[in-house]
2 protein chains.
Amino acid sequence: MSFSPLIRQLIESLRILPGVGQKTAQRMALQLLERDRNGAQRLAQALSQAMEGVGYCKSCRSLSESELCQICEDPRRDDSLLCVVEGPMDVYAVEHTGFRGRYFVLKGHLSPLDGLGPEAIGIPELLARIEAGQFSEVILATNPTVEGEATAHYIAQLLAGKGMVASRIAHGMPLGGELELVDGGTLAHALAGRRPINL
Amino acid sequence: MSFSPLIRQLIESLRILPGVGQKTAQRMALQLLERDRNGAQRLAQALSQAMEGVGYCKSCRSLSESELCQICEDPRRDDSLLCVVEGPMDVYAVEHTGFRGRYFVLKGHLSPLDGLGPEAIGIPELLARIEAGQFSEVILATNPTVEGEATAHYIAQLLAGKGMVASRIAHGMPLGGELELVDGGTLAHALAGRRPINL
Ligand SMILES: [Zn+2]
Ligand SMILES: [Zn+2]
């Protein structure tokens, strides 16, 4: 016996969730049908509303429902510090450490083999953001991977001679790790231990 | 910084999925927004369509999109065997063993402490199904838990003297386990080793 078409379609669709394989998707689908149809309908609506309503902040390019995100709109943040990260999830991770400067969110990291150069990841927009601001320090908080390091180094070179410090978060984190997966304490130490990049 | 309202709503809604806590829900929400908005929209639609379109088979009370499910409509199934289970998920588990009789799906098991008596779990409908059929054996495949055993024993008593065998799946499975979680081989052995219930 196979699942009926609507159940099969639901199982297939649930597999787009990170970490959800065939078995888990089956269990989720049947449990929702059996135990929480109202909850499932609310989830359907929340998914649809979020996918339509959540865009990108035009200043920092983080996820935002309004033109400017909460952070960019907050006048109490430190305008002298800019933290550059690889993705929106990293903003939440860095916020958790108590950082209260500004952000810029790249679209990932430089990856020449995949054809992802400076334009593809938003470097021109980053430079425009920096020109429009009054930052004394740009903290390069890309992931401590080979590509993240290369991206940080590339940006540091672009900022040389522009009258601001380009710093790199300390290697308190395991090499090859991902910012969004590390615990808050480790990330806080890494932020606190940041050093200027020597070109 | 907190998540924006639509993202927060999405995270909350994702937590209704079995096994998904706060951290996992956050990760799912942000990954969908970042990497697969079309997939998320398809998931929203699949959820909604399944919750509206999937009902219960009027004969076996399993999940079905049509009045009668695939199994009940299939003329090649063995009409002399009825397998009684606690929920729709168990039907898929038993099917997997190669069983090709008919089914009846209870709404769980008897649970006097929760006020769940015979009517609440569908015993009258089970008896009506048995009256309307021509079964020589009713296999009681409720879970091997205290409540599942009590439910099987209760049904066996109701069937005494009705000219059919009431059998119980063998205890090849760990006591306290759940049918839907056991591997197919173990469940197949348990089915094959079923014995009449001696009252
Ligand atoms: Zn912003
Ligand atoms: Zn049916």
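Just so you know, these numbers come straight off a predicted model, no measurement behind them. (Residues numbered from 1 in each chain as written. Chains lettered and ligands numbered in written order. Predicted model: local features only at pLDDT ≥ 70, side-chain atom pairs only at ≥ 80, totals over all residues. Heavy atoms only, no water.)

(A) The coordination of the zinc ion (ligand 1), seen in detail. Residues and elements named next belong to chain A. In this structure, C57 (SG), C60 (SG), C69 (SG) and C72 (SG) serve as the protein donors to the zinc ion (ligand 1), at separations of 2.3 Å. Considering all 4 donor atoms around the zinc ion (ligand 1), angles at the metal cover 104 to 120 degrees and the coordination shape is tetrahedral. Within one chain, the residues donating to the zinc ion (ligand 1) are spaced in sequence as C-x2-C-x8-C-x2-C. A residue pair is termed long-range when its members are at least 10 positions apart, and C60 in the loop between strand 1 (55-56) and strand 2 (63-64) and C72 in helix 4 (residues 70-73) qualify at 12 residues. (Donors = N, O, S within 2.8 Å, 3.2 Å for Na, K, Ca; no water. Tetrahedral: all angles 85-135°; square planar, octahedral: opposite > 155°, others 65-115°. Helix = DSSP H or I, 4+ residues; strand = E, 2+ residues; numbered from the N terminus.)

(B) Region of interest: the coordination of the zinc ion (ligand 2). Residue and element names in this part refer to chain B. Protein-derived ligands of the zinc ion (ligand 2) are C57 (SG), C60 (SG), C69 (SG) and C72 (SG), with the metal-ligand distances lying across 2.2 to 2.4 Å. For the zinc ion (ligand 2), the 4 donor atoms in the first shell make angles of 105 to 119 degrees at the metal, so the coordination geometry reads as tetrahedral. Between the donor residues of the zinc ion (ligand 2), the gaps in sequence give the motif C-x2-C-x8-C-x2-C. Taken together, the residues span a long stretch of sequence, with C57 in the loop between strand 1 (55-56) and strand 2 (63-64) and C69 in the loop between strand 2 and helix 4 (70-73) at a distance of 12 residues. C57 gets classed as buried once you look at its relative accessible area, which sits at 1%. (Buried < 20%, exposed > 50% of the residue type's maximum accessible area, 1.4 Å probe, protein only.)

(C) Up close: the relation of the copies chain A and chain B. Once chain A has been moved 0.0 Å along the axis and rotated by 180 degrees, it coincides with chain B to within an RMSD of 0.0 Å. Accordingly, the operation relating the two chain copies is best matched by a two-fold axis. Looking at the rotation axis and the C-alpha trace of chain A, the residue lying nearest is A44 of chain A, at 2.0 Å. In this assembly, 100% of the residues forming the interface of chain A have copies in chain B that are likewise at the interface, indicating an isologous arrangement. (Least-squares fit on C-alpha atoms with pLDDT ≥ 70 in both. Contact = heavy atoms within 4.5 Å.)

(D) Main features of the domain arrangement of chain A. Assigned domains within chain A: domain 1 (5-53) and domain 2 (57-168). Of note, the centres of domain 1 of chain A and domain 2 of chain A, computed from C-alpha atoms alone, are 34 Å apart. (Domains from an automatic or database assignment.)

(E) Region of the structure containing the interface of chain A and chain B. With 54 residues of chain A at the interface, the matching set in chain B holds 54 residues. Approximately 5600 Å² of surface area, both sides summed, lies buried where chain A meets chain B, with 68% of it carried by carbon and sulfur atoms. At the boundary of chain A and chain B, one finds 0 salt bridges. The tally of links between chain A and chain B comes to 14 residue pairs in polar contact (both at pLDDT 80 or more). Looking at the side of chain A that touches chain B, the elements with two or more residues in it are helix 1 (5-14), helix 2 (22-35), helix 3 (37-53), strand 1, helix 4 and helix 5 (88-95) of chain A. Counting residues per element, the side of chain A that touches chain B draws most heavily on helix 3 of chain A, at 15 residues. A per-class count over the side of chain A that touches chain B returns 31 nonpolar, 12 polar and 11 charged. (Buried area = accessible area lost by both parts, 1.4 Å probe. Salt bridge = Lys/Arg side-chain N within 4 Å of Asp/Glu carboxyl O. Polar contact = N/O pair within 3.5 Å; in protein donor to acceptor, adjacent residues only side chain to side chain. Nonpolar A, V, L, I, M, F, W, Y, C, P; charged D, E, K, R; others polar.)

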